[in-house]
Protein chains: 2
Amino acid sequence: MADLPKSVRIHEEGPREGFQMEPRPIPTARKIEFIEALSDTGLEQITIASFVNPKKVPGMADAEDIVRGFRPRPGVAYRALWLNEKGFERARTVSNGKLAFEAKIGIYASEKFSMRNNNRNTAQEFEYARNVVRRYREYGVPVNRASVSNAFGCNFQGDIPIATVLDIFTRIFEIAEENSLELKEISLADTMAWATPLSIKRTVGAIRDRYPDMRLNLHLHDTRGMGIANSAAGLEMGVDMFDASVAGLGGCPFAGHKGAAGNVCTEDLAFMCEEMGIETGLDLEKLIDCARLAEDIVGHPLPGSVMKGGSLKRLRHAISQG
Amino acid sequence: MADLPKSVRIHEEGPREGFQMEPRPIPTARKIEFIEALSDTGLEQITIASFVNPKKVPGMADAEDIVRGFRPRPGVAYRALWLNEKGFERARTVSNGKLAFEAKIGIYASEKFSMRNNNRNTAQEFEYARNVVRRYREYGVPVNRASVSNAFGCNFQGDIPIATVLDIFTRIFEIAEENSLELKEISLADTMAWATPLSIKRTVGAIRDRYPDMRLNLHLHDTRGMGIANSAAGLEMGVDMFDASVAGLGGCPFAGHKGAAGNVCTEDLAFMCEEMGIETGLDLEKLIDCARLAEDIVGHPLPGSVMKGGSLKRLRHAISQG
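Conventions and cut-offs
- Residues numbered from 1 in each chain as written.
- Chains lettered and ligands numbered in written order.
- Predicted model: local features only at pLDDT ≥ 70, side-chain atom pairs only at ≥ 80, totals over all residues.
- Heavy atoms only, no water.
- Helix = DSSP H or I, 4+ residues; strand = E, 2+ residues; numbered from the N terminus.
- Rg over C-alpha atoms; globule rule 2.2 N^0.38 Å.
- Buried < 20%, exposed > 50% of the residue type's maximum accessible area, 1.4 Å probe, protein only.
- Contact = heavy atoms within 4.5 Å.
- Lys, Arg positive; Asp, Glu negative; His and termini not counted.
- Charge placed at Lys NZ, Arg CZ, Asp CG, Glu CD.
- Pairing = 2+ DSSP bridges.
- Right-handed = clockwise from strand over helix to strand, strands pointing away.
- Axes fitted to C-alpha atoms, helices over the stretch in contact; angles between N-to-C directions.
- Parallel < 35°, antiparallel > 145°, perpendicular 65-115°, else oblique.
- Left-handed = near helix turned anticlockwise from the far one by under 90°.
- Least-squares fit on C-alpha atoms with pLDDT ≥ 70 in both.
- Domains from an automatic or database assignment.
- Salt bridge = Lys/Arg side-chain N within 4 Å of Asp/Glu carboxyl O.
- Polar contact = N/O pair within 3.5 Å; in protein donor to acceptor, adjacent residues only side chain to side chain.
- Nonpolar A, V, L, I, M, F, W, Y, C, P; charged D, E, K, R; others polar.
- 1 Å grid on protein atoms, 1.4 Å probe; cavity = no way out; pocket = protein on both sides within 12 Å on 5 of 7 lines; lining within 4 Å.
- Points joined across faces, edges and corners; volume = space filled by probe spheres on them.
- Core = buried A, V, L, I, M, F, W, Y, C linked by side-chain atoms within 4.5 Å.
- Expected span 1.5 Å × (residues − 1).

1. A look at the overall build of chain A
Per the secondary structure count, chain A includes 13 helices and 10 strands. Its C-alpha radius of gyration of 19 Å places chain A within 12% of the 20 Å reference for a compact globule of 322 residues. Per-residue burial for chain A yields a buried fraction of 59% across its 322 residues. Here the analysis covers contacts within chain A between residues at least 6 apart in sequence; of these, 75% occur between residues at least 24 apart. For chain A, the distance from the average site of its 40 positive side-chain charges to the average site of its 43 negative ones is 4 Å.

Structure representation (structure tokens):
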């Protein structure tokens, strides 16, 4: 495991991913309590809300109230998600300096999913991305990431060949060049949990060979239990940024929900990294407290493991005390 | 991942690990139903019962009834666990040819755990193992495995150095030589879930360097969510035998149990192997059915993921059918 990075950064997706899927409404005050607790764990980036259609995602109808209400901690970048110009405008309008605005050029690797979700084929997705980039430039929002979703497989299209992923990045970098953008980060999302450690190594390896100077980010879902194993495979390929959700928030099979599970669990991933000597900058015990807070807020068990099994640092300390 | 094995064998521990920890009694008939369903999945080895003190483990007081009642399937080896001569005698008495008797020389890497569990220090453990081997020879039970438990760490002793593990194997192989035993398999158990992919690679690598001709087995627990990642690390080091439990049976944090979670989940592990091109001989859909049966029997959710997320073969088939 010679290629393990010395340090990694984990970006927290829990407040956004987590609460929008819950069947019963979560009070805004509790969402803010959770965001403020997360801010105290060492996390440098937290995605706190989605500015999406409140009719489609009623659990995020309070996005403005969340942004207005939370107290930001210096040194933490708070981000939001939007899927179209209207959402972006809502985020800009309410931000008042509290949200960090950075953007990506993002394309679905699966054309069938693009058609289904956005009614655009891949050529149209690229045209759309070109327009989005122009608008971000008008607003002075830095565009510094290239992102491919469904990069490993798609429930509607099947397995995604590495050549397809590479081709999409080629075209994303063309857009960047046209707009004199300097992309610094490449992100691969396993949106529907098709990846295995082997496909992670193969796809990330091909990306790394092509773009050796880019920082690599993985956005992994744990629907088939591969999240931590896929993260370990990513670490071995030099990935040093991960999206993750405290307690595995973001879909809860235990509550009988259908569909995808949440992102890989933040504290389980942080535990693995720290135990392997990879610095995360995170306070694991505080993350575990946040995971328990998340369970209290949603009112049912969440899938994270270390929150139940406990950290080893605590055990080592107890042993050393006899 | 050049060292991935072409095929692996997964040994099922669910019926033994799983039901003994449940707070409410499981009817013997349902245990037998589960064992017979597992027998139809391609599993070649299933541990079906523990012959242990019924006062300490009331959930296994029906071990004799299980062995008497189930219908064995040809080609499947059914095994039982015992911890002392009395348990071994009980298993021999009831077997009537239905149980496969093979034994191991097994030592705890953690002396503190040996003292706590067996009131023997490591030197006394080796003396005890010598006596056990002599008795197995009297009974004609083949002894063909060397096994070290707590091989990565122990809640009472802390981290276990690789040198300690290697030293124990040296002394196990001395006992084998004294008794003209040909050991064929080395097993490492992460009994208390201290391992990470890095420590798996380091310890298994050291064992493999020392004993290049031995088959390697990992017995992993998922208490801190590392089970599948640790299995992937083992696969990369050439491990081709794993103990596992359908649905992750064997401890259920969701029911508020304290203590260790179960073994790594059989169908999640089988899913990963098959998706990486490693043949398991298992029918994943039937394993998923068994996992759902296990949830029905225990009456609460179990931690397995693929049983909730679904297999990809099924999705690929649906996609190919349009």
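2. Points about the pairing of strand 8 (residues 185-190) of chain A
All names here are of chain A. By the criterion of burial, strand 8 is predominantly enclosed, with six of the six residues buried. Covered by surrounding structure in strand 8 are E185, S187 and A189 together with I186, L188 and D190, the residues of both alternating faces. Direction of pairing for strand 5 (residues 143-149) relative to strand 8: parallel, over a ladder of four bridges. Directly across from V148, in strand 8, lies its bridge partner L188. Relative to strand 9 (residues 215-220), strand 8 is paired through six bridges, and the arrangement is parallel. By the bridge assignment for strand 9, L188 is matched with L218. Handedness of the crossover joining strand 8 and strand 9 through helix 8 (residues 197-210): right-handed.

3. As for the packing of helix 10 (residues 266-275) of chain B against helix 11 (residues 284-298) of chain B
All names here are of chain B. With their axes 9 Å apart at the nearest point, helix 10 and helix 11 run at an angle of 160° to one another. Accordingly, the angle class assigned to the pair helix 10 and helix 11 is roughly antiparallel. Between helix 10 and helix 11 lies a crossing whose hand is left-handed. For the pair helix 10 and helix 11, contact is made by T266, E267, A270 and F271 and by L284, L287 and A291, respectively.

4. Things to note about the relation of the copies chain A and chain B
Taken as rigid bodies, chain A and chain B are interconverted by a rotation of 180° and an axial shift of 0.0 Å, the fit giving an RMSD of 0.0 Å. The transformation just described matches what one would write down for a two-fold rotation axis. When C-alpha distances to the rotation axis are compared across chain A, the minimum falls at A229 of chain A, with a value of 1.9 Å.

5. Observations regarding the domain arrangement of chain A
All names here are of chain A. Assigned domains within chain A: domain 1 (1-101 + 245-322) and domain 2 (103-238). A separation of 22 Å is found between the C-alpha centroids of domain 1 and domain 2. Between domain 1 and domain 2, the contact holds 30 residues from the first and 22 residues from the second. Scanning the region where domain 1 abuts domain 2 turns up two salt bridges. Here R208 and D3 are joined by a salt bridge, their closest N and O atoms 3.5 Å apart. The interface formed by domain 1 and domain 2 contains 11 residue pairs in polar contact (both at pLDDT 80 or more). Here the residues of the side of domain 1 that touches domain 2 are counted per class, giving 16 nonpolar, four polar and 10 charged.

6. Here we look at empty space enclosed by the protein
As enumerated under the stated definition, the model contains two cavities of 30 Å³ or more in all. Taken as a whole, the largest cavity encloses approximately 40 Å³ of empty space. Surrounding the largest cavity, 13 residues form its lining, A232 and E236 of chain A together with A229, A233 and E236 of chain B being those nearest its centre. Elements with a contribution of two residues or more to the lining of the largest cavity: helix 8 and helix 9 (227-236) of chain A together with helix 8 (197-210) and helix 9 (227-236) of chain B. Classifying every residue of the lining of the largest cavity by side-chain character gives nine nonpolar, no polar and four charged.

7. Describing the pattern of salt bridges
On inspection of all chains with the given rule, the structure shows 54 salt bridges over all chains. Notably, a salt bridge pairs E85 of chain B with R135 of chain B, separated by 3.0 Å at the nearest N-O pair. Of this pair, E85 of chain B sits in helix 4 (residues 85-95) while R135 of chain B sits in helix 6 (residues 122-139); the two residues are 50 residues apart in sequence, bridging distant segments of the chain. Given the relative accessible area of 30%, R135 of chain B is considered partly exposed. By sharing partners, the salt bridges in this structure join K201 and E236 of chain A together with K201 and E236 of chain B into a single network.

8. Observations regarding the nonpolar core
In this structure, F169 of chain A together with F169 of chain B are the most contacted members of the largest nonpolar core, which totals 219 residues. Setting aside anything within four residues of it in sequence, one finds F169 of chain A in contact with A146, S147, V148, I186, S187, L188, I207 and Y211 of chain A.

9. A word on helix 11 of chain B
A turn of α-helix holds 3.6 residues, and therefore any two residues three or four places apart point the same way. Residues and elements named next belong to chain B. Helix length check: helix 11 (15 residues) gives 21 Å between terminal C-alpha atoms against 21 Å at 1.5 Å per residue, within 8%. Along helix 11, the residues that are buried comprise L284, L287, I288, C290, A291, L293, A294, I297 and V298. Those residues of helix 11 that are buried lie in contact with helix 1 (14-19), helix 2 (28-38), helix 10 and helix 12 (306-309). If you check the start of helix 11, you find a side-chain oxygen 3.1 Å away from the backbone N of E285, and it comes from D283. G299 lies just past helix 11 and shows a positive phi near 80°.

10. Quick notes on the environment of T170 of chain B
Residues and elements named next belong to chain B. Along the chain, T170 falls in helix 7 (residues 162-178). Sequence separation between T170 and T41 is 129 residues, and the spatial gap between their C-alpha atoms is 37 Å. Apart from the residues lying within four places of it in its own chain, the contact partners of T170 are R210 and Y211.

11. As for the interface of chain A and chain B
The partner chain B presents 41 residues to the 41 residues of chain A that form the contact. Summed over the shared surface of chain A and chain B, the result is four salt bridges. Here K201 of chain B ties to E236 of chain A by a salt bridge, and the two come within 2.9 Å at their closest N and O atoms. Our count for the chain A to chain B interface comes out at eight residue pairs in polar contact (both at pLDDT 80 or more). Those elements that provide at least two residues to the side of chain A that touches chain B are strand 7 (158-159), helix 8, helix 9, helix 10 (266-275), helix 12 (306-309) and helix 13 (312-320) of chain A.

12. What to know about the environment of I168 of chain A
All names here are of chain A. Relative to the helices and strands, I168 is located in helix 7 (residues 162-178). Spatially, the C-alpha atom of I168 lies 31 Å from that of P54, the residues being 114 residues apart in sequence. With sequence-adjacent residues up to four places away left out, I168 is seen in contact with I107, Y108, A109, F126 and V148.

13. Structural notes on unusual backbone geometry
With a phi close to 50°, N150 of chain A is a non-glycine residue in the positive phi region. In this fold, N150 of chain A is placed in the loop between strand 5 and strand 6 (153-154).

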